[in-house]
Amino acid sequence: MKFLKINIEEGADPEVLKNIVLQLKGVASAEIIDDENPESELKKAFAKTKEQLKTGDYETLVNDIFDILIKK
């Protein structure tokens, strides 16, 4: 799957832009990600974990969790 990253100017309404992009042919989904919001990083981590579980990559999953635990 390929992704397109769009940076918007301050004051632009991301919901309106998302709805416009979703109407374009070939667009399967659109997601608003705020790089300054730590929640988006959490979403990425959950997505990665979900993929690791689907593919049976348990060793990498355990290593990632272990790395998180020893960082703090």
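Here, every reference points to the structure presented above.
Now for a quick tour of the structure. Only a predicted model underlies this, so the values are computations on that prediction, with no experimental measurement involved.

The rules we used
Residues numbered from 1 in each chain as written. Predicted model: local features only at pLDDT ≥ 70, side-chain atom pairs only at ≥ 80, totals over all residues. Heavy atoms only, no water. Helix = DSSP H or I, 4+ residues; strand = E, 2+ residues; numbered from the N terminus. Rg over C-alpha atoms; globule rule 2.2 N^0.38 Å. Buried < 20%, exposed > 50% of the residue type's maximum accessible area, 1.4 Å probe, protein only. Areas by Shrake-Rupley, 256 points an atom, 1.4 Å probe, with all protein chains shown as cover. Lys, Arg positive; Asp, Glu negative; His and termini not counted. Charge placed at Lys NZ, Arg CZ, Asp CG, Glu CD. Contact = heavy atoms within 4.5 Å. Patch = residues over 30% accessible without salt bridge, like charges linked within 9 Å, V, L, I, M, F, W, Y side chains within 5 Å. Salt bridge = Lys/Arg side-chain N within 4 Å of Asp/Glu carboxyl O.

Okay, the overall build of the protein chain next. Of regular secondary structure, the protein chain possesses three helices and zero strands. Secondary structure of the protein chain in N-to-C order comes out as α-α-α. Computed over C-alpha atoms, the radius of gyration of the protein chain comes to 16 Å, more than 25% over the 11 Å expected from 2.2 N^0.38 for 72 residues, which places it beyond the range of a compact globule. Expressed as a percentage of its 72 residues, the buried residues of the protein chain come to 4%. Here the protein chain has roughly 7000 Å² of accessible surface; of this, 57% comes from carbon and sulfur atoms. Between the averaged position of the 11 positive side-chain charges in the protein chain and that of its 15 negative side-chain charges there is a distance of 6 Å.

Relative to the assigned elements, Gln52 resides in helix H2 (residues 38-55). Exposure remark for Gln52: the relative accessible area of 6% places this residue in the buried category. If we ignore the near neighbours within four places in the chain, the residues touching Gln52 are Asp57, Thr60, Leu61 and Asp64.

This part is about the environment of Ile20. Here Ile20 shows up in helix H1 (residues 14-22). Looking at Ile20, the relative accessible area reads 47%, which means it is partly exposed.

On the surface, Leu4, Ile6, Ile8, Val16, Leu17 and Ile20 cluster together into a nonpolar patch covering about 570 Å² of accessible area. The residue Leu17 is located in helix H1 in this model.

Turning to the pattern of salt bridges, a few remarks are in order. One pass over the full model with this rule turns up two salt bridges. Across the salt bridge formed by Asp64 and Lys48, the nearest N and O atoms sit 3.2 Å from each other. One end of the pair, Asp64, is in helix H3 (residues 58-71); the other, Lys48, is in helix H2, with 16 residues separating them in the sequence. A salt bridge links Glu51 to Lys54, with the nearest nitrogen and oxygen atoms 3.9 Å apart. Placement of both Glu51 and Lys54 in helix H2 is noted, with a separation of three residues, approximately one turn of the helix. By relative accessible area, which is 60% here, Lys54 ends up exposed.

Spatial relationships are all this shows, so hold off on functional conclusions.
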